Amino acid sequence: MKKRALITGVTGQDGSYLAEFLLGMDYEVYGVRRRTSTPNYENVAHIKDKIKWISGDLTDLASLIEAIRISDPDEVYNLAAQSYVAASWPQPLLTGQITAVSVTNMLEAVRIIKPNCRFYQASSSEMFGKVQETPQRETTSFYPRSPYGVAKVYGHWITVNYRESFNMFACSGILFNHESPRRGIEFVTRKVTDAAARIKLGLQSELRMGNLDSLRDWGFAGDYVKAMWLMLQQDEPDDYVISTGEMHTVRELLEIAFSYVGLDYRDYVVIDAEFVRPAEVDLLLGDCSKAKEKLGWELEVGFKELIQMMVEADLERVKKELITMVMV
């Protein structure tokens, strides 16, 4: 009998890679989708018909209870959130409602309908914020520096509380930055790779950026979703840092992306104060040794390969846009 998995945020970057992975493992995959006037299935277009769709909203407990009842899942992956750090400043209450409180809604739905299923919560390295030690590990104190980071801390700790209070198999993956060609255009990696492609093809003349010296631990989203699955296959629930253990600056990101298309980023990048956070997170570096040891998880895609993969995908996409413009 096939295992059944329910994914929130299935049309996002992580959700789409996870759905692909689980379908490849012969799971029956259910996706919760919030009704919108113009649904966006871009990331899952190739597997849309293989996913069983359920209408629901993270802020509506009744709809989540119904989603659990319909899907009868063995595993629940809660990936949906207001996931853009910059947007959490102008929308702190919305971020708190969706990224924090809604985790409780999901846990309550599971507790009420199927408390023996396994639950995964998407935690974030942004919880570490103003880092208290380097590298950051599962025992490192949290010091979030944005409404998004604060909301993720709530989601993390409410998951721990449900695990300990109700004996639920609930895990949190503290994922460091993970990217792919499916990353939203508002995130710095896609902003850079898209700009490199557009400047190369003559559709853009400059790229406005913030702090180029910020250090991040960037990995490939396709590798990270395997870690999510591995967490729910263990004998006991636990929390794990998922990272590469390597730091790179935004400047390095620019160098790799622009050099891939034969350009020097210094000729096109303009520093703009608008893109500097009110409270900057300067350095994030994860220690993923626990995940490697206990889960047997390994990275497959390196940083340079990841950025080049993203630039190549953006080049292909922008070329198609150009062809469409010419035809019109």
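Model, not experiment: these values are computed from the prediction.

Peer 1: In this structure, what is going on with the confidence of the model for the chain? I would like to understand it.
Peer 2: It should be kept in mind that the predicted coordinates are not to be read in detail where pLDDT is low. Across the chain, the average pLDDT comes to 96, with 98% of residues at or above 70. Predicted confidence in the chain is weakest over strand β9 (residues 215-216), with a mean pLDDT of 92, and strongest over strand β4 (residues 75-78), with 99.

Peer 1: Explain the side chain of His 156 to me, please; I cannot follow it from the model alone.
Peer 2: Of note, His 156 is situated in helix α4 (residues 147-166). Those residues within four positions of His 156 in sequence are excluded, and the remaining contacts are Ser 123, Met 127, Phe 142, Ser 172, Ile 174 and Asp 239.

Peer 1: Which parts of the structure should I look at to understand the nonpolar core?
Peer 2: Membership of the largest hydrophobic core comes to 65 residues, with the highest contact counts inside it found for Leu 22, Tyr 77 and Phe 258. If you tally residues by element for this core, the top one is helix α6 (residues 221-231), at eight residues. For Tyr 77, the residues in contact, after removing those within four places along its chain, are Ala 5, Leu 6, Ile 7, Thr 8, Leu 18, Leu 22, Tyr 120, Met 228, Trp 229, Leu 232 and Gln 233. Ranked by size, the runner-up nonpolar core spans 20 residues in total, among them Leu 6, Val 76, Leu 107 and Ala 109.

Peer 1: Please clarify how the side chain of Thr 95 should be interpreted in this entry.
Peer 2: Mapped onto the secondary structure, Thr 95 falls in helix α3 (residues 92-113). Ignoring sequence-local partners within four residues, the contact set of Thr 95 consists of Gln 82, Ala 87, Ser 88, Ala 100, Pro 147, Tyr 148 and Ala 151.

Peer 1: Help me understand the sheet that holds strand β2 (residues 28-33), please; the structure alone is not making it clear to me.
Peer 2: The strand order β3-β2-β1-β4-β5-β6-β11 describes an open sheet built from seven strands, whose pairing is parallel. On the outer flanks of this sheet lie β3 (52-55) and β11 (240-242), each paired with one strand and no other. Each adjacent strand pair in this sheet contributes to an overall mean axis angle of 25°, direction not counted. Pairing of β2 with β3 involves four bridges; the strand directions are parallel. Paired with Gly 31 across the two strands is Trp 53, which belongs to β3. Each of β1 (4-8), β2, β4 and β6 (169-175) touches helix α1 (residues 13-24); the most contacted strand, β1, lies at about 170° to it. Strand contacts of helix α2 (residues 61-71): β1, β2, β3 and β4, with the helix running at about 155° to β1, the strand carrying the most contacts.

Peer 1: When you look at the packing of aromatic side chains in this model, what are you seeing that I'm missing?
Peer 2: For any pair of aromatic rings, the description consists of the separation of the ring centres together with the inter-plane angle of the planes. Per the stated rule, a full pass over the model turns up 12 aromatic pairs. Ring plane angle 70° and centroid distance 5.3 Å describe the contact between Tyr 41 and Trp 53, whose orientation is recorded as edge-to-face. You can see Tyr 41 sitting in the loop between β2 and β3 and its partner Trp 53 sitting in strand β3, a full 12 residues away along the chain. Look at Tyr 41 and you get buried, because its relative accessible area is 19%. Through a chain of ring-to-ring contacts, the aromatic side chains of Phe 128, Phe 142, Trp 157 and Phe 176 assemble into a single cluster. A cation over an aromatic ring shows up here: Lys 48 above the ring of Tyr 41, its NZ or CZ 4.7 Å from the ring centre. Arg 183 extends its terminal NZ or CZ atom over the ring of Phe 187, reaching a point 3.8 Å from the ring centre.

What counts and what doesn't
- Residues numbered from 1 in each chain as written.
- Predicted model: local features only at pLDDT ≥ 70, side-chain atom pairs only at ≥ 80, totals over all residues.
- Heavy atoms only, no water.
- pLDDT = per-residue confidence, 0-100.
- Helix = DSSP H or I, 4+ residues; strand = E, 2+ residues; numbered from the N terminus.
- Contact = heavy atoms within 4.5 Å.
- Core = buried A, V, L, I, M, F, W, Y, C linked by side-chain atoms within 4.5 Å.
- Buried < 20%, exposed > 50% of the residue type's maximum accessible area, 1.4 Å probe, protein only.
- Pairing = 2+ DSSP bridges.
- Axes fitted to C-alpha atoms, helices over the stretch in contact; angles between N-to-C directions.
- Phe/Tyr/Trp six-rings, centres within 6.5 Å; stacked < 30°, edge-to-face > 60°.
- Lys NZ or Arg CZ within 6 Å of the ring centre and 35° of its normal.

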